[in-house]
Amino acid sequence: MKSKTIKVDYLARVEGEGSLMIKLKGDQVVDVKLKIFEPPRFFEAFLRGRHYSEAPDITARICGICPIAYQMSAVHAMEHACGVVIDGPLRALRRLIYCGEWIESHTLHIYMLHAPDFLGYADVMQMAKDYPDHVRRGLQLKKIGNEIVRLIGGREIHPINVRVGGFYRVPTKHDLAPLAEQLKWAREAALETVRWTAQFPFPEFDADYEFVALRHPDEYPLNQGRLVSNKGLDVAVEEFDQHFVEHHVAYSNALHSTLKERGAYLVGPLARYNINFDKLSPIAQQAAREAGLGPSCRNPFRSIIVRSVETLYACDEALRLIEAYQMPDQPAVAIEPRAATGYGCTEAPRGILYHRYRLDDQGTILDAKIVPPTSQNQKMIEQDLWRLVPELMSFSDEKITWQCEQAIRNYDPCISCATHFLKLHIERE
Amino acid sequence: MASKRKPKLAVWKFASCDGCQLSLLDCEDELLSLVDAIEIAYFPEASRAMVKGPYDLSLVEGSITTPHDAERIHRIRRASKTLVTIGACATAGGIQALRNFKDVKEFVSIVYATPAYIETLNKSTPIADHVFVDFELRGCPINKSQLLEVISALLHGRKPNTPPHSVCIECKRRGVVCVMVAHGTPCLGPVTHAGCNALCPSYHRGCYGCFGPMETPNTNSLSAWWSRLGVGEADLVRVFRGFNAYAEPFRKESEAHEV
């Protein structure tokens, strides 16, 4: 029987380094390997012996695209260990800076990494020749997300102002005022983005995924909530290790995380949307409906619309937070370290990001566990490819390769984070 | 005037967080003009189009941590007219150079269930330890204005203007109150390379050295000052072992406080 291998040696427009190998025997897919050759950096090892207060600065360095996610999961886990709960304006400010990261990261993915696939361009630079106004809109929207992060955090990449207990310096109401004006424009631009992405050509590709996301009684989840799935999971963040398990596979530097009972699961915008549609703001719900999405969406290619809806939500929510903001009396609350284990899980733009730290009574980190979103989605990405490739058999290798890359980019995988993630090889015998 | 060939730019990645190359995509206001002036020939984070070399300018992010990467950097050097390292990983080994002070085998076994699957070098080393580097841009992450300055300068054949003085000078220029003198907050500003515009002190915290050592830093004197502020020896080791732990002045200072 005729066999062949499709190889993508260096998967582009994702963050970090990975490759894909698909082996075909006739019309049968016999192997799919998403390989992460991003070199290991050993964060969990060298966090041992560091002071609890260093975790937000150090773990931010795991990822340049979503440093706020790392900082937020770290501060929540440390505060949990030390028995402190941050509420009021400090909590609101954390939600605001996280909205900034969602806007920046989602817009980067929508306009610069994913939209070129749907419109048939190698990159945003080529796309800009035919879609200059769209690209300028995307860049401006992304810039506003970055400006929120910069104003509160000090800089876009690896912000310096986040600390366990709160912030080093908090903005005045006056400082935030210019952002409100920009966000009013951004909210309109995000609405246009939803309408634009809704027109892209989408393959019919639905599956019965298990979606896992945080769920909070009062809000669309960012920093806090219970771990909930559409197939019965409903546990506290502290119970993560009892339900999720990481596997080390020979071909990848990234660990694969699965649900103990049921295997692969999906995290990220699609999961959040399916589990928390009712918590989106009215404007975001309405835009989703106009874009042809119901309260449930199970086509990963449509994640670009969901991401656009979430961007709209983040602009709307950021505006609400700024209007309600009252400057706190203190930039941070006092922390007294104690010998304890702390757990934190927040919604990175790509999905849930879990941190666990064990501290001694001096606040020294004894051990650390970090499970990034891409480790959790890896197995599901492979499963999507197992299902997708047979439908593409009549196409040229070039087209199969591009479609597979696109299916991977549906997940906005962050490979740097996952090492602890891609090339495409399609092999036909 | 006859149109000139656009210079070819390549962006390479080794062990890193992708943050420094992301700085290029974070130039929202300048990106489209930049693309008018140069050809982005190889930049996998942004494009699936990969044009063959040679390249006029290569930007290298990340440190060397695997046998494969130690080979790959030589191929990149041969294909590059000018090679610039961007960020603390490529310039000083990065945060992952914390392994250089420990047994890497232990690190592998802490993180991975099957250490035999992992291929890694004992040390994380900067690019200049392996090949000739034309220019090093500091920072964890780099400053995007400095990145634009470096690209612009090199494409015009002049020296980039990224001064090697300390963060202290930037603080004074901005009129930021000295956090160490006024509040007794330990600060690495006096020994740290400029480039961030004294960011941390302007947010009421001490500099933690993410731009690495300045030219000829007096780390010994600064440690004495920190000691007077009540910082212990073990803490001094940790302070100098941050994002530029393997840069020589910081490495030596950290070793001087090991007990």
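Asker: Please give an account of the overall build of chain A that cites residues and values.
Answerer: Secondary structure assignment for chain A yields 14 helices and 14 strands. Counting only C-alpha atoms and orienting by the principal axes, one finds that chain A spans roughly 70 × 45 × 35 Å. Across the 429 residues of chain A, 69% fall into the buried class. Looking at chain A as shown, the accessible area adds up to about 13400 Å², and 48% of this sits on carbon and sulfur atoms. Here chain A holds 51 positive side-chain charges and 56 negative ones, and the gap between their average locations is 2 Å.

Asker: For the confidence of the model for chain A, give the residues involved together with the corresponding values.
Answerer: Atom-level detail of predicted coordinates should not be read off regions where pLDDT is low. On average, residues of chain A score 92 in pLDDT, and 95% of them reach the 70 mark or higher. The model gives residues 418-424 of chain A a pLDDT under 50, and that stretch makes 71 contacts with residues more than four places away or in other chains.

Asker: Can you tell me about the packing of aromatic side chains, naming the residues and giving the values?
Answerer: Tallied over the entire structure, the rule returns 20 aromatic pairs over all chains. Between Phe118 of chain A and Phe200 of chain A, the aromatic rings sit 5.2 Å apart at their centres with planes inclined by 25°, giving stacked as the arrangement. Remark: Phe200 of chain A occurs in the loop between helix 7 (173-197) and strand 6 (212-215) and Phe118 of chain A occurs in helix 4 (residues 88-119); sequence separation between them is 82 residues. Both residues of the pair, Phe118 of chain A and Phe200 of chain A, count as buried. Between Phe101 of chain B and Tyr246 of chain B the ring centres are 6.4 Å apart and the planes differ by 80°, which places this aromatic pair in the edge-to-face class. On the criterion of sequence distance, the pair formed by Phe101 of chain B in the loop between helix 4 (88-92) and helix 5 (104-111) and Tyr246 of chain B in the loop between helix 11 (233-240) and helix 12 (248-256) is long-range, its members being 145 residues apart. For Tyr246 of chain B, a relative accessible area of 21% translates into the label partly exposed. By way of ring pairs, the aromatic residues Tyr111, Phe118, Trp196, Phe200 and Phe202 of chain A are connected into one cluster. Lying over the aromatic face of Phe205 of chain A, Arg387 of chain A brings its terminal NZ or CZ to 4.2 Å of the ring centre. Here the guanidinium or amino end of Arg251 of chain B rests over the ring plane of Tyr246 of chain B, the centre of that ring lying 5.4 Å away.

Asker: Talk me through the sheet that holds strand 11 (residues 340-348) of chain A; I want residue IDs and the actual numbers.
Answerer: All names here are of chain A. Pairing within the open sheet is antiparallel, and its three strands lie in the order 11-12-13. A strand with exactly one partner marks an edge of an open sheet, and here the two such strands are strand 11 and strand 13 (365-371). Across the sheet, the axes of successive neighbouring strands diverge by a mean angle of 15°, strand direction being ignored. Pairing geometry for strand 11 and strand 12 (residues 351-359), over nine bridges, is antiparallel. Residue pairing across strands places Thr341 opposite Arg358, the latter belonging to strand 12. Against the sheet, helix 3 (residues 67-82) engages strand 11, strand 12 and strand 13, with an angle of about 150° to strand 11.

Asker: An account of the packing of helix 4 of chain A against helix 6 (residues 132-153) of chain A is requested, with residue identities and associated values reported.
Answerer: Residues and elements named next belong to chain A. Contact geometry for helix 4 and helix 6: axes closest at 8 Å, N-to-C directions at 155°. Classed by the angle they form, the pair helix 4 and helix 6 counts as roughly antiparallel. In terms of crossing hand, the pair formed by helix 4 and helix 6 is left-handed. Contact with helix 4, carried on its side by Leu93, Leu96, Ile97, Gly100, Glu101, Ile103, Glu104, Thr107, Leu108, Tyr111 and Met112, involves His134, Arg137, Gly138, Leu139, Leu141, Lys142, Gly145, Asn146, Ile148, Val149, Ile152 and Gly153 of helix 6 and no other residues of that element. Looking at side-chain class alone, the contact of helix 4 with helix 6 contains 12 nonpolar, seven polar and four charged residues.

Asker: Summarise the pattern of salt bridges; cite the residues concerned and give the values.
Answerer: Working definition: two side chains of opposite charge can pair if their charged atoms are close together. Evaluated as defined, the whole model comprises 48 salt bridges over all chains. Between Arg187 of chain A and Asp316 of chain A there is a salt bridge, and its shortest N-O distance comes to 2.8 Å. Placement of Arg187 of chain A in helix 7 and of Asp316 of chain A in helix 11 (residues 303-324) is noted, with a sequence separation of 129 residues between them. Residue classification places Arg187 of chain A among the partly exposed residues on the basis of a relative accessible area of 24%. The structure contains a network of salt bridges with shared partners spanning Lys142, Glu147, Arg150 and Glu156 of chain A together with Asp26, Glu28 and Lys144 of chain B.

Asker: I'd like a rundown of the interface of chain B and chain A, residues and numbers included.
Answerer: Taken together, the contact between chain B and chain A spans 60 residues of the former and 69 residues of the latter. Counting the surface chain B buries against chain A, the share from its top three residues, Glu28, Arg48 and Tyr203 of chain B, is 15%. Across the contact surface, chain B and chain A share eight salt bridges. Between Glu398 of chain A and Arg48 of chain B there is a salt bridge whose closest N-O contact spans 3.7 Å. Our enumeration of links across chain B and chain A arrives at 24 residue pairs in polar contact (both at pLDDT 80 or more). Of all the secondary-structure elements, those providing two or more residues to the side of chain B that touches chain A are helix 1 (19-25), helix 2 (31-37), strand 2 (39-42), helix 3 (67-78), helix 5 and helix 9 (199-202) of chain B. Sorting elements by how many residues they give to the side of chain B that touches chain A places helix 5 of chain B first, with five residues.

Conventions and cut-offs
- Residues numbered from 1 in each chain as written.
- Chains lettered and ligands numbered in written order.
- Predicted model: local features only at pLDDT ≥ 70, side-chain atom pairs only at ≥ 80, totals over all residues.
- Heavy atoms only, no water.
- Helix = DSSP H or I, 4+ residues; strand = E, 2+ residues; numbered from the N terminus.
- Buried < 20%, exposed > 50% of the residue type's maximum accessible area, 1.4 Å probe, protein only.
- Areas by Shrake-Rupley, 256 points an atom, 1.4 Å probe, with all protein chains shown as cover.
- Lys, Arg positive; Asp, Glu negative; His and termini not counted.
- Charge placed at Lys NZ, Arg CZ, Asp CG, Glu CD.
- pLDDT = per-residue confidence, 0-100.
- Contact = heavy atoms within 4.5 Å.
- Phe/Tyr/Trp six-rings, centres within 6.5 Å; stacked < 30°, edge-to-face > 60°.
- Lys NZ or Arg CZ within 6 Å of the ring centre and 35° of its normal.
- Pairing = 2+ DSSP bridges.
- Axes fitted to C-alpha atoms, helices over the stretch in contact; angles between N-to-C directions.
- Parallel < 35°, antiparallel > 145°, perpendicular 65-115°, else oblique.
- Left-handed = near helix turned anticlockwise from the far one by under 90°.
- Nonpolar A, V, L, I, M, F, W, Y, C, P; charged D, E, K, R; others polar.
- Salt bridge = Lys/Arg side-chain N within 4 Å of Asp/Glu carboxyl O.
- Buried area = accessible area lost by both parts, 1.4 Å probe.
- Polar contact = N/O pair within 3.5 Å; in protein donor to acceptor, adjacent residues only side chain to side chain.

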